[in-house]
Amino acid sequence: MAFIRKKERSKERFSLLLLDLEEYYFEQHTAYQLTNRCPSQKSKFRGSFKVCSKSVIFEPEDASEPILKIPLKDCRRIEATEDNERNPFTESKPPCISMESRQVYLIKDGSVVAPYKIERRDQDFLFQLEISRKTEDVVQTLLQLHRASCLDKLGDQTAMIAAILQSRLARTSFDKNSFQSVTERPHMECEAEMISPLVTNPGHVCITDQNLYFQPLNGYPDSAVQIGLHSVRRIYKRRHGLRPLGLEVFCSETDLCSDIYLKFYNTKDRDELYYYIATFLENHMAEHTAESYMLQWQKGHISNYQYMLHLNNLADRSVNDLSQYPVFPWVVSDYSSPRLDMMNPASFRDLSKPIGALNTERLERLLARYRDMPEPCFMYGSHYSSPGYVLFYLVRVAPEHMLCLQNGRYDHADRMFNSIAETWKNCLEGATDFKELIPEFYGKDASFLQNELSLNLGKRQGGCSVGDVVLPPWAADAEDFLEKLRGALESQYVSEHLHEWIDLVFGYKQKGSEAIAAHNVFHPLTYEGGIDCDSIEDPDQKIAMLTQILEFGQTPRQLFTTAHPQRITPKFHNVSTATTSSSELSPLSPSEDSSFEDLTEESKKLAWSNMSKLSLQSSHKIHKEAVTGIAVTRSGAAIFSTSQDSTLKMFSMDTNALQRSVSFSNMALSSCLMLPEDQTVVCSSWDNNVYFYSVAFGRRQDTLMGHDDAISQMCWKDEQLYTASWDSTVKVWRCVAADINRNKRSQFELVAEFEHDAGVNTIAVSPAGTLLASGTKDGTLSVWDVGSSSILHQLNCHSGKIHQMSFSPDSRHILSVGEDSSLKVTDVQTGMLISTIPAEEEQRCFCWDGNTVLSGGQSGDLRVWDLLTSKVTQKLPAHTGAVTVMWMSEQCSTVITGGEDKQIMLWRPQY
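Everything numeric here is computed off the predicted structure, so don't read it as measured data.

### Topic: the pairing of strand S25 (residues 720–725)
On any regular strand, side chains alternate: one points to one face of the sheet, the next to the other face. Most of S25 is tucked away: six of the six residues are buried. In S25, alternate side chains face the same way, and those of Gln720, Tyr722 and Ala724 on one face and Leu721, Thr723 and Ser725 on the other are all buried. Pairing of strand S24 (residues 711–717) with S25, which is carried by six bridges, proceeds in the antiparallel orientation. Across the sheet, residue Trp716 finds its bridge partner in S25, namely Leu721. Counted between consecutive antiparallel strands, the loop separating S24 from S25 contains two residues, among which Asp718 sits at a positive phi close to 50°. Two elements, S25 and strand S26 (residues 729–734), share five bridges in a ladder whose sense is antiparallel. Looking at S26, one finds that Ala724 is bridged to Val730. The loop that links S25 with its antiparallel partner S26 comprises three residues; one of these, Ser728, has a positive phi angle of about 75°.

### Quick word on the sheet that holds strand S40 (residues 883–888)
Ordered by their spatial adjacency, four strands build an open sheet running S15-S42-S41-S40, and the pairing between neighbours is antiparallel. Taken across any chain shown, the strands that pair with only one partner, and hence form the sheet edges, are strand S15 (614–621) and S40. The sheet shows a mean angle of 20° between the axes of neighbouring strands, taken without regard to direction.

### Quick notes on the UniProt feature "domain: BEACH-type PH" (unreviewed entry) in the chain
Sequence positions flagged by UniProt for "domain: BEACH-type PH" (unreviewed entry) are, in local numbering, residues 181–278. The span residues 181–278 carries 12% helix and 52% strand; its end-to-end C-alpha distance comes to 22 Å.

### A few points about helix H1 (residues 135–149)
Between the first and last C-alpha of H1 there are 21 Å, a value that for 15 residues agrees with the 21 Å anticipated at 1.5 Å per step. Buried within H1 are the following residues: Thr135, Val138, Val139, Thr141, Leu142, Leu145, His146, Ala148 and Ser149.

### Here's the deal with empty space enclosed by the protein
A water-sized probe rolled over the atoms picks out the places where empty space is left. Applying the stated criterion across every chain, the model contains five cavities of 30 Å³ or more. Of the volumes computed, that of the largest cavity is approximately 80 Å³. Taken together, 14 residues make up the lining of the largest cavity; nearest its centre are Pro354, Ile355, Tyr384, Glu436 and Asn520. Each residue belonging to the lining of the largest cavity can be placed in one class, and the counts come to nine nonpolar, two polar and three charged.

### Focus on the sheet that holds strand S18 (residues 647–652)
Read across the sheet, four strands follow the order S16-S17-S18-S19 without closing on themselves; strand pairing throughout is antiparallel. Where the open sheet ends on each side, the last strands, each with one partner, are strand S16 (627–632) and strand S19 (657–663). On average, adjacent strands in this sheet sit at an angle of 20° to one another, irrespective of strand direction. Of the pairings in the sheet, the one linking S16 to strand S17 (residues 638–643) comprises five bridges and is antiparallel in character. When the bridges of S17 are listed, Ile630 appears paired with Ser641.

### Things to note about the side chain of Ser495
For Ser495, the position within the fold is in helix H11 (residues 492–505). Within polar-contact distance, the side chain of Ser495 engages the side chain of Asn304 at 3.1 Å.

### Overview of the pairing of S18
The buried fraction of S18 amounts to six of the six residues, a majority that puts the element mostly inside the structure. The alternating pattern of S18 places Thr647, Lys649 and Phe651 and Leu648, Met650 and Ser652 on opposite faces, both of which are buried. Bridge count between S17 and S18: five bridges; the pairing is antiparallel. Its bridge partner lying in S18, Ala638 is registered against Ser652. By the bridge criterion, six bridges tie S18 to S19 in an arrangement that is antiparallel. Within the sheet, the bridge partner assigned to Phe651 lies in S19 and is Leu658. What sits between the antiparallel neighbours S18 and S19 is a turn of four residues, in which Asn656 has the positive phi angle 55°.

### A look at the domain arrangement of the chain
Its domain assignment divides the chain into domain 1 (16–83 + 92–169), domain 2 (172–287), domain 3 (306–552) and domain 4 (601–909). Taking only C-alpha atoms, the centre of domain 1 and the centre of domain 3 are 38 Å apart. Facing the 14 residues of domain 1 at the interface are 13 residues of domain 3. Summed over both sides, the interface of domain 1 with domain 3 buries roughly 1300 Å², with 68% coming from carbon and sulfur. Of all residues in domain 1, Leu17, Leu21 and Val113 bury the most surface against domain 3, accounting for 43% of the area lost on that side. One can count one salt bridge joining domain 1 with domain 3. For Lys108, the salt bridge goes to Glu400, with nearest N and O atoms at 2.9 Å. The tally of links from domain 1 across to domain 3 stands at two residue pairs in polar contact (both at pLDDT 80 or more).

### Focus on unusual backbone geometry
A cis amide bond links Tyr220 to the next residue, Pro221, at an omega of 0°. Note on placement: Pro221 falls in the loop between strand S10 (211–216) and strand S11 (225–228). Put simply, Glu375 and Pro376 share a cis peptide bond, and its omega is -5°. Relative to the assigned elements, Pro376 resides in the loop between helix H6 (360–372) and helix H7 (387–394). Its identity as a non-glycine residue notwithstanding, Asp316 has a phi of 75°, on the positive side. Position of Asp316 among the secondary structure elements: in the loop between helix H5 (304–314) and H6. On the basis of relative accessibility, which here comes to 6%, the residue Asp316 falls in the buried class. Positioned with a positive phi, Lys902 is a non-glycine residue whose angle comes to about 75°. Following the sequence through the fold, Lys902 ends up in the loop between strand S41 (895–899) and strand S42 (903–909).

Scoring rules and cut-offs
- Residues numbered from 1 in each chain as written.
- Predicted model: local features only at pLDDT ≥ 70, side-chain atom pairs only at ≥ 80, totals over all residues.
- Heavy atoms only, no water.
- Buried < 20%, exposed > 50% of the residue type's maximum accessible area, 1.4 Å probe, protein only.
- Helix = DSSP H or I, 4+ residues; strand = E, 2+ residues; numbered from the N terminus.
- Pairing = 2+ DSSP bridges.
- Axes fitted to C-alpha atoms, helices over the stretch in contact; angles between N-to-C directions.
- UniProt positions renumbered as here; feature names shortened; annotations may be inferred.
- Expected span 1.5 Å × (residues − 1).
- 1 Å grid on protein atoms, 1.4 Å probe; cavity = no way out; pocket = protein on both sides within 12 Å on 5 of 7 lines; lining within 4 Å.
- Points joined across faces, edges and corners; volume = space filled by probe spheres on them.
- Nonpolar A, V, L, I, M, F, W, Y, C, P; charged D, E, K, R; others polar.
- Polar contact = N/O pair within 3.5 Å; in protein donor to acceptor, adjacent residues only side chain to side chain.
- Domains from an automatic or database assignment.
- Contact = heavy atoms within 4.5 Å.
- Buried area = accessible area lost by both parts, 1.4 Å probe.
- Salt bridge = Lys/Arg side-chain N within 4 Å of Asp/Glu carboxyl O.

In structure tokens, the structure reads:
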């Protein structure tokens, strides 16, 4: 239905859907059909004589008369002839086009959309062109097309028609009188075809510095299509007919139907046009990746419905291509109860299985056949999405499309889309029925469920006519049915399990061993790259293969190669079977201090919403080398900082002056942190040691000699100190803060050690203290379970050293920055890299709230990033060298940065 919302031409009976599939409409002429209906006199009907590549179509102006379609392959004779009543004493009459055919289709008799009437008998047809001098040329064109239609081999027919088409395109060019402005400058011109469902319309493309134009060769339905480049919002490269030739342009961010879909004759033209249009986009398509949409969906910024549309778009699914129509899942399984209980899991379909695997008995039969099948073997002989299935659902609003697809006939009445419950039952039990749904089931236009056009779709075996679709008892009417399905799609259950269906259709269970294990194997021809049609030399075989693929349906382009993460929902439970406790990934239950926590969260949100208004309060050059660590007392009265100059310094905010400077060795200090109660500062050093400095006594009170190489970073959580080292280990030490604060000598018990293949440069501990993330010099990111000391995930995240990483506040994601000048977001549950954001330069350090990032770069600037749009929203000049460290207060109201310029700077967002 999305493709039917285009401009309707209700007064015009002709449409390109009257042509055969892959047939072209070349030209039209005003003409008269001369008939001998009454023996005493000739009748003369004025109309439009249309020359097509495989037929002649005559559309009478009298809407009560049927449209005639004469297949050229059925013609015995085509010639130019004068009226056979020539008389030497009367005025010469203009020549006519005489055709003798064995078969003719009568379409839209009485202007009613109905199955075509076919007359199979020899008949003569006589047409007189209003501009008679064109008669001979038209006849010669028809004879040429007739020869093509009568060739024995389909490949030869196609090749000859293609040659005729290219000749016509070469003899014409884009008419620049269509330009909207005389100041427009053309950038390129080429030939292409405009694509709509089941229809291709060849013509000329021209793109200027202001507009994109398409001029159909036949001038139908308009002389030119024009799209302003500055109105374009999205563009997608498309795979059409299994070849990378398509381009789809949208002037809306949300509309399901594009403004134009073009198929080019070579990839070079397509790509040149794509990149030229991209320069006009405010949001370049490179930012619209599956990973960026995934992040928005996970956090609840877009709905399940919107996410499905985005994934379909990215996977080459388009409403203009019925062989690759957007696919949506069945989510409800109860179509018999008087009330749909969305709190009952039994009301929903198991989204972890393909349709073919939902019925165990049927699956066993299919698997038995699969095991005995020779190569190439497959489990399902039909697909879950195909042109036939799409029009099965939409026949009531797209009857002409169904008639086009099925050679002028509807399907048998008992095989039509009669009932929701019957269709679901057949999908569960039918031997060859594995279809999923289409977006219309989750939209707001219910007309596809109602026979509002009063179509005669036939009678079923019981004698009743096919009318409206029978709805389940829990639906009051068609609108209520769609509303409840939309509610089901956005429900708690579906939100928690939709990622499992994504794995099957768009993800890692689509192909290979995972697909076999998930019982998700379709015919090899349905997969991208399943066959290289260009390598098939036999034209007949190639066309037959293409036809089979396009009619059978195609599997979406694979978007994910690892498990898709689960959505974050308000009532999240049992998200992981791994030893990562579910409490780590679940919201905390309300506590007695919930009102205080709410206030804290609101103040944090307010601060982050104003982070782009960060204002410098003061700056202090207190070190002789780059600053490496910052720790601040809870009151904010004292700032401690470490540096490569080997000193720990204390700066007093009360006196605005440096108060202390301490050196533990002659080696650089790499980081520092403040223990609870603000009595002890812990410093790590390149001399392999950790030093504990007593604020009250002003001296070193303890030393931990823990590593065999420089210590790069430390973290503290729940009486445990985490130390990362270039000796390729992370060690966890048990030490009680209260004992250290009381100046009691600690034993520093080693409770865990995590081995790596390269030096560890940065670590982070999750807010709940159950997960540890580590980043190495070679760019490897690892996620560890602290309780079991086991590794959960490991991935090659960056192409160089990882500078810093941090968990999001909800522990769902890890953000990291590295030498490769990129920000990367990793999903904690699956270990999947879900977003890569390129930066102009290396980002050395950052703070973030899960959505917004404040980072410090190599040049000394601060940047504010919106992760959902992957854009820098503010850039602030700060240090004169790289920003090396960043600290943020718990309320997010104060930021302190340190840099290679030996300074510390204090910042506050302005409200």
